[in-house]
Amino acid sequence: MDTGYLEVASFIITTMKEGWGKCIACFESFEAQELYRADCGDRWCQGCTRSLFELSTKDQSLFPPECCGKEFPIYEDVLGADLLARWKAKRVEHTTEDKTYCHVPTCSAFIVPATIVGNVATCPACHATTCAICKAQTHDGACQEDHQAQEVLQIAEQMGWKRCGACKALIELRGGCNQMTCRCGHEFCYKCGATWHTCSYEGVEVLDQEVLDQDEQLRRWLESTPRG
């Protein structure tokens, strides 16, 4: 019998006896106490477990962390205080239906619903105030009476911009396909506004360069025009 085969078999038997196992993600061998079991029975090492949760804070499509379609248990000692706190904050953001983000484009921080007073949402990062209804800068009177916001929406309509159906943010497509992923994680069709995969407009649509040039000219004109 091949001696190489015997050595491998001997190693497998030894590791099984000594309580070793493999991480389902990286396939590296670890002692049993260094592996963390998912609800499906698979075992993960500490590094891969942390990576799984870290990725879920950056990509809503990976939230919540799962293994074999089952939500991954939270091992606080593995995640550590910092990652656990960031993950819990993202859990609030990802599970909030009517999301509110700071209206300042250079900030766009998520504003926790529990901190919103009335319709005024104060940004935890830059302290700017955003209307929780129309998602624009806070204003006097009801949202429908906010002429500045209505003016922006009229301009957006002229330029063909779309609003996210989840958080109402304005989005511009400058080229590429119709699938849009908003900062809030909502995916929708730029053509009709429907949730992605629910309409017939899937596919690539590259915008004409002449249209892009016209948009750029209009944008520059708007930036140079004083607002009352």
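Conventions we followed
Residues numbered from 1 in each chain as written. Predicted model: local features only at pLDDT ≥ 70, side-chain atom pairs only at ≥ 80, totals over all residues. Heavy atoms only, no water. Salt bridge = Lys/Arg side-chain N within 4 Å of Asp/Glu carboxyl O. Helix = DSSP H or I, 4+ residues; strand = E, 2+ residues; numbered from the N terminus. Buried < 20%, exposed > 50% of the residue type's maximum accessible area, 1.4 Å probe, protein only. Disulfide = S-S within 2.5 Å.

1. Description of the pattern of salt bridges
Part 1: For the coordinates displayed, the defined rule picks out four salt bridges.
Part 2: In this structure, the salt-bridge partner of Asp82 is Arg86, at a minimum N-O distance of 3.1 Å. A residue pair is termed a helical-turn pair when its members lie 3 or 4 positions apart in one helix, as Asp82 and Arg86 do in helix 3 (residues 76-95) at four residues.
Part 3: Asp82 gets classed as exposed once you look at its relative accessible area, which sits at 53%.
Part 4: On the accessibility criterion, Arg86 (32% relative accessible area) is partly exposed.
Part 5: Through salt bridges with shared partners, a single ionic network connects Glu54, Asp82 and Arg86.

2. Details of the state of the cysteines
Part 1: Within the structure shown, the criterion is met by zero disulfides.
Part 2: As a non-bridged cysteine, Cys68 has Cys40 as the owner of its nearest cysteine sulfur, 3.5 Å distant.
Part 3: The exposure class assigned to Cys68 is exposed, which follows from its relative accessible area of 60%.
Part 4: Sulfur of Cys164: no disulfide; nearest cysteine sulfur belongs to Cys182 and is 3.7 Å away.

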